[in-house]
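As a plain string of letters, each chain reads:
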Amino acid sequence: MEDIQIDPELCIMCEACIDICVRRHLTRDDDTIKVSPDPCNLCGHCKAICPENAITLSGLNDEECVPTPSPEDIPAPDALLAFFRSRRSTRRYKKDPVEREKIAQIIEAGRFSPTGGNRQSLEYTVVEKPEILHKIRDRCIEFHAKGSERTLSWLAEKEKKGETLTGADQAMKAYAQVWPFRLQLNKQGVDTLFFHAPVLIVVHADVEASPGPEIDAGLAAMQMGLLAEAQGLGTCYNGFLIGAAQQSAELKQLMQIPEKNLPVVSMVTGYPNVTYERLVSRNPARIQWI
């Protein structure tokens, strides 16, 4: 069965699908549209542009191909930018659980994000059980605390040789100095990693299926964070967990991440126990106009 099927009764031969096809799988053949036998990446552009909805793509849920929003339903640019700016990293959470429906919708925001070549290699782990969440937090903090001494020793040796520490080195040094303290706080019940958030979401990717998993996951995670914000939830991205999980088989097993998959982005979410009254400033954009 071909990846693309065109209903001849509905097709009006406008050739919009031919013009939009990225891989040039569609061509005109007299009074029909000819479909190439080569595999299609199922990006959906041809179906999205067809004025008569004459196209069906195998393997895709046709019920999801609903009409696009009208211009009136799309947020105005200024309002959308203000919404983007209103999202902040939340480090104070209420104890209230997050409804499963809201978490599922956050995952949907990731599912519909763009991926390189439409390969859709991303997978998601959602941790809700407190006992598992606490184990992941403990192992992550222990991992970094154990490695902090090696990091500080390596940086000291670098300085001893007269080498200048880079900005990245300085950041590593600052973090390495604080991990033993974080370990002590964690033993006292103070969570400085997940901030007692009730939900952890990890985005991981099959690296054999995607040439750019970091980009794919980053795009997905940003959409997920904004969707959570629209639901009244707070989020905080966590690179420390990813750094540890990429090296610790135990952490990957705790999060049930397949061995072949690479953990790329993690975020905690929950109902914020803080209210911000205003937007903040950022450094001016560095732009090279050409």
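Refer to the preceding data block for the structure.
Nothing here was measured: the structure is a model prediction, and the numbers come from that model.

Chemist: I would appreciate a short explanation of the side chain of threonine 235 in the present structure.
Modeler: Of note, threonine 235 is situated in strand β7 (residues 234–237). Taking the relative accessible area as the measure of exposure, threonine 235 reaches 0% and is therefore buried. Engagement of the side chain of threonine 235 in a polar contact is seen with the side chain of arginine 87, the distance being 3.1 Å. Excluding residues that lie within four positions of it along the chain, threonine 235 makes contacts with Arg87, Arg88, Ser89, Thr90, Tyr93, Gly225, Ala228, Met267, Val268 and Thr269.

Chemist: How should I be thinking about the environment of alanine 104 in this particular structure?
Modeler: Along the chain, the position of alanine 104 falls in helix α4 (residues 100–111). By relative accessible area, alanine 104 is classed as partly exposed at 40%. Sequence separation between alanine 104 and valine 126 is 22 residues; the distance between their C-alpha atoms is 9.5 Å.

Chemist: Explain the sheet that holds strand β8 (residues 261–270) here, please?
Modeler: By definition, the strands of a sheet pair up through backbone hydrogen bonds, in either a parallel or an antiparallel sense. Read from one edge of the open sheet, four strands run β5-β6-β8-β7, paired in antiparallel fashion. A single partner strand is all that each edge strand has here, and the edge strands are β5 (122–127) and β7. With strand direction ignored, the average angle separating the axes of adjacent strands in the sheet is 25°. Relative to strand β6 (residues 199–206), β5 is paired through six bridges, and the arrangement is antiparallel.

Chemist: In this structure, what is going on with the packing of helix α5 (residues 130–160) against helix α6 (residues 167–187)? I would like to understand it.
Modeler: Describing two packed helices takes the angle between their axes plus the distance from one axis to the other. It is the contact of α5 with α6, at a shortest axis distance of 8 Å, that shows an interaxial angle of 140°. Our classification of the angle between α5 and α6 gives oblique. Handedness of the crossing formed by α5 with α6: left-handed. Taken together, the residues of the contact of α5 with α6 sort by class into 10 nonpolar, five polar and eight charged.

Chemist: Mind showing me how you'd approach the nonpolar core here?
Modeler: Across soluble globular proteins, nonpolar side chains show a tendency to be buried alongside one another. Core analysis: the biggest nonpolar cluster contains 24 residues, and Ile136, Phe194, Leu200, Leu241, Leu251 and Met255 have the highest contact counts within it. Broken down by secondary-structure element, the contributors of at least two residues to this core are α5, α6, β6 and α8 (239–245). Per element, the largest residue contribution to this core is five residues, and it comes from α5. Setting aside chain neighbours within four positions, we find isoleucine 136 in contact with Val127, Phe194, Leu200, Leu241, Leu251, Leu254 and Met255. By size, the runner-up hydrophobic cluster in this structure holds 20 residues, among which are Val203, Ala217, Ala221 and Tyr271.

Rules used in this analysis
Along each chain, numbering runs from 1 in the same order as the chain's sequence is written. Local features in this predicted model are restricted to residues whose pLDDT is 70 or higher, and side-chain atom pairs enter the listing and the counts only when it is 80 or higher, whereas totals over whole chains, interfaces and linings include all residues. The side-chain figures draw on all heavy atoms in the structure; neither hydrogens nor water molecules are used. Secondary structure elements are defined from DSSP: runs of H or I of at least 4 residues count as helices, runs of E of at least 2 residues count as strands, and each element is numbered from the N terminus. Buried means the residue's accessible area, taken with a 1.4 Å probe over protein chains only, is under 20% of the maximum for its type, while exposed means over 50%, and partly exposed covers the values in between. The definition of a polar contact used here is a pair of N or O atoms within 3.5 Å, where within protein one atom must be able to donate a hydrogen and the other to accept one, and adjacent residues in sequence count solely through side-chain atom pairs. For this analysis, residues touch if any pair of their heavy atoms sits within 4.5 Å. Note: two strands are recorded as paired if DSSP finds a minimum of 2 bridges between them. Note on definitions: angles span 0 to 180 degrees between N-to-C directions of axes, and those axes are lines fitted to C-alpha atoms, for helices only across the stretch in contact. Working rule for angles: under 35 degrees goes down as roughly parallel, over 145 as roughly antiparallel, 65 to 115 as roughly perpendicular, anything else as oblique. By the definition used in this description, the sense in which the near helix is turned from the far one sets the handedness, with an anticlockwise turn below a right angle giving left-handed and a clockwise turn giving right-handed. Amino acids outside the nonpolar list (Ala, Val, Leu, Ile, Met, Phe, Trp, Tyr, Cys, Pro) and the charged list (Asp, Glu, Lys, Arg) are all regarded as polar, and Gly is one of them. Definition used in this section: a nonpolar core is a set of buried Ala, Val, Leu, Ile, Met, Phe, Trp, Tyr and Cys residues joined via side-chain atoms within 4.5 Å.

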